[in-house]
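Coordinate analysis (summary)
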Amino acid sequence: MNKPRVVLGVCGGIAAYKACELLRRFTESGHDVQVVPTASALRFVGEPTWAALSGHRVSSEVWESVHEVPHVRIGQAADLVVVAPATADLLARAAHGLADDLLTNTLLTARCPVIFAPAMHTEMWEHPATRENVATLRRRGAFVIEPAVGRLTGADTGRGRLPEPGAVFDACRRVLARGPRALEPDLAGRHVVISAGGTREPLDPVRYLGNRSSGKQGYALARTALARGAGVTLVAANTELPDPAGAEVVRVGTAEELREAVVKAAAGADAVVMAAAVADFRPAGRAQGKIKKREGVDPEAVALVRNPDILAELSVRRATPGQVVAGFAAETDDVLANGRAKLVRKGCDLLVVNEVGDGLAFGTDGNEAVILEAGGAETRVPYGPKEELADRVWDTIVRTLESRGDQQPAGG
Ligand code: C5P
């Protein structure tokens, strides 16, 4: 498969060093990156660094390798152009269509999505000239990421910092995966509930019946929903992952605790996604003290009772009109047939089915799955980061919400 082609424009700001980290993220995740620095950028980070990290020759002006017509070819061939950091000067040149170096020529020839990640002092960012240039670029369809607030070059702080490379990378990944509409907040005004992790059912004060779910897929669902503008309640069972910024996180241990938290949060939600691995059974009783082994005595069998099926319950009792209920199903064999039967049995709107086994799904950063919809549609999502699968799940949920004509968010 061809690698996605990314042009990384770098301008002359102190944040140019952060673009090295951004470049690494691209190359390590299978992108082909052509770095196009401005002449000023090379005063901060030199040409050998960009060439070594990208594996390509690097130039900032149009007079090198002229026979290859780089001022046209680089932009034409790109799947995405991202300029990080973008200075006030570059935004001005781009807004006015100047073509006085290789980067501005590339911006004029590119027909793919273009992302600017500005970094500058607050005064420059707030200046009416910059405001108008940013508005012009946005009107023409470019994505201009809002700079972060924090420490600037000197001792001062304010808006104007380049967002962390991970955040810029995530915006780029989303645009590459989902096309030019990817950064529109299509879940704005919506409230979604996500369960993540795996429940633990205690046998005694120190032991439990558990499962291998890491919570990574549920957390990826939470991060992507936040990025798409949703209000998020994340019900997390026994996870050790950092809280996604902006989510309300409710921590639970057992299936019954998870049920209580999810049902409560679902009351005002537009969508509920059950990504948690919920134990189907729990020990019938919980020993008060630690269960002891006794010489010559066989261990007692553990009696199990059924846990409530939360997904089925949520599907039957929709807490709000038009609420979308989604589940995940991990299967080891007959993945699709089992998934289709489960979708019907549970009565949910969509079921994300994946195969589990060695190195698949549990604990890994990637996943592949098929999204089954109650109406019969089936979407195969090839192996990729868990964020990518999460975005496809939200695509389906947004489409379902819209098809129900429910333009009004729950509670709004
Ligand atoms: O039946 P199975 O456990 O394969 O179904 C998986 C889906 O059902 C997941 O979405 C999981 O969160 C949900 N589930 C549930 N309550 C249970 C068991 C599973 O909500 N007791």
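Here, the structure is the one placed above.
In this report, we go over the structure that sits alongside the text. (Residues numbered from 1 in each chain as written. Predicted model: local features only at pLDDT ≥ 70, side-chain atom pairs only at ≥ 80, totals over all residues. Heavy atoms only, no water.)

Across its full length, the protein chain holds 14 helices and 19 strands. Along the first, second and third principal axes, the C-alpha set of the protein chain runs to 85 × 55 × 45 Å. Looking at the 412 residues of the protein chain, the share that counts as buried comes to 49%. Within the protein chain, counting contacts between residues at least 6 apart in sequence, those at least 24 apart form 67% of the total. (Helix = DSSP H or I, 4+ residues; strand = E, 2+ residues; numbered from the N terminus. Buried < 20%, exposed > 50% of the residue type's maximum accessible area, 1.4 Å probe, protein only. Contact = heavy atoms within 4.5 Å.)

With that settled, consider the pattern of salt bridges. Tallied over the entire structure, the rule returns 31 salt bridges. The partner of arginine 25 in a salt bridge is glutamate 21, with the nearest N and O atoms 3.2 Å apart. Taken together, the residues arginine 25 and glutamate 21, both in helix H1 (residues 16-28) and four residues apart, mark about one turn of the helix. With a relative accessible area of 35%, arginine 25 lands in the partly exposed category. You can call glutamate 21 partly exposed: its relative accessible area is 36%. The partner of aspartate 391 in a salt bridge is arginine 173, and the shortest N-O contact between them spans 3.6 Å. One end of the pair, aspartate 391, is in helix H14 (residues 386-403); the other, arginine 173, is in helix H9 (residues 165-178), and 218 residues separate them in sequence. (Salt bridge = Lys/Arg side-chain N within 4 Å of Asp/Glu carboxyl O.)

Before going further, it helps to spend a moment on the packing of aromatic side chains. Scanning all chains against the criterion turns up one aromatic pair. Ring plane angle 70° and centroid distance 5.3 Å describe the contact between phenylalanine 26 and phenylalanine 169, whose orientation is recorded as edge-to-face. Taken together, the residues span a long stretch of sequence, with phenylalanine 26 in helix H1 and phenylalanine 169 in helix H9 at a distance of 143 residues. When sorted by exposure, phenylalanine 26 lands in the same class as phenylalanine 169, which is buried. If you follow arginine 131 out to its NZ or CZ, it ends over the ring of tryptophan 125, 4.6 Å from the centre. (Phe/Tyr/Trp six-rings, centres within 6.5 Å; stacked < 30°, edge-to-face > 60°. Lys NZ or Arg CZ within 6 Å of the ring centre and 35° of its normal.)

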